[in-house]
Amino acid sequence: GRIIPLIAKALKISFINFESKRVVMDGASAIIKRTLNTVRKRAIANCLCEGGALVGAFFFLFLLLGTILGGLFSYLPEARTAFYVISFFGLFYIIVKMLLIPLFSLLRDERIALLIEKAYPLNDSLITSVQLIKDSASPERASLFSEGLVSLQIADTAERVQSSEF
């Protein structure tokens, strides 16, 4: 007669522990994601400023070269065409290489976490937590890890991130 209430009590305690771990992990995940989004916005703004300045500088360089070589272009129309083609592809290359590729790399949480880890020594806990959050969203990947250890790692990282100024 006493075994059934004990089993029920044990199941209830383990269910409460599971739910409290899930609540802690969700709150900590939200803190980490909020921090990543804040840093991502700043990094995108910096990338746009730097890339835009570089594109503008090359545009004016090509414009200046075109003005200087304008007399040559009046005698050689093929040279003008070649200059325009080279200028167009040069600007296109600069836009892709210096602006678009860095911008697209900043869209990934892992890249932002690595940028933060590079600037602030968190002993790889942020990148680990970001990967664990990503893996815990997938049921097949989540079953490979201990939920308790994952929630502790994420909660510890959230605490460290929250106490840091980014």
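This text gives an overview of the structure that appears in the document. On a predicted model such as this, the values are computed, not experimentally measured, just so you know.

**So, helix H7 (residues 147-163)**
Residues spaced three or four apart along an α-helix point in a common direction, a consequence of the helix completing one turn every 3.6 residues. For H7, which comprises 17 residues, the first-to-last C-alpha distance of 24 Å matches the rise-based estimate of 24 Å (1.5 Å per residue) to within 8%. For H7, the set of buried residues is Gly148, Val150, Ser151, Ile154, Thr157, Ala158 and Val161.

**Describing the packing of aromatic side chains**
Evaluation of the coordinates by the stated rule reveals four aromatic pairs. A centroid spacing of 5.6 Å and a plane angle of 70° characterise the contact between phenylalanine 59 and phenylalanine 60, whose relative ring orientation is edge-to-face. Assessed through its relative accessible area of 42%, phenylalanine 59 is described here as partly exposed. On the basis of relative accessibility, which here comes to 54%, the residue phenylalanine 60 falls in the exposed class. With 6.3 Å between their ring centres and 55° between their planes, phenylalanine 83 and tyrosine 84 make a pair best called tilted. Judged by relative accessible area, tyrosine 84 falls into the exposed class, the value being 51%.

**Some thoughts on the pattern of salt bridges**
By the definition in use, this model includes four salt bridges. Across the pair arginine 141 and aspartate 135 runs a salt bridge, and its minimum N-O distance is 3.3 Å.

Definitions and limits used
What you see as residue numbers is a count from 1 along each chain, following the sequence as written. Local features are withheld for residues below a pLDDT of 70 in this predicted model, meaning they are given only at 70 or higher, and side-chain atom pairs are given and counted only at 80 or more; totals for whole chains, interfaces and linings count all residues. Water and hydrogen atoms were dropped before computing side-chain values, which therefore reflect all heavy atoms in the structure. Think of it this way: any DSSP run of H or I at least four residues long counts as a helix, any run of E at least two long counts as a strand, and we number them from the N terminus. The span expected for a helix works out to 1.5 Å for each residue beyond the first. Three labels apply to residues, based on accessible area from a 1.4 Å probe with only protein chains included: buried if under 20% of the type maximum, exposed if over 50%, partly exposed otherwise in between. Whether two aromatic rings pair depends on their centres lying within 6.5 Å, for rings of Phe, Tyr and Trp, where Trp uses its six-membered ring; planes under 30 degrees apart make the pair stacked, over 60 edge-to-face, and the rest tilted. Here, a salt bridge means any side-chain nitrogen of Lys or Arg that lies within 4 Å of a carboxyl oxygen of Asp or Glu.

As far as function goes, none of this settles anything; it's purely spatial.
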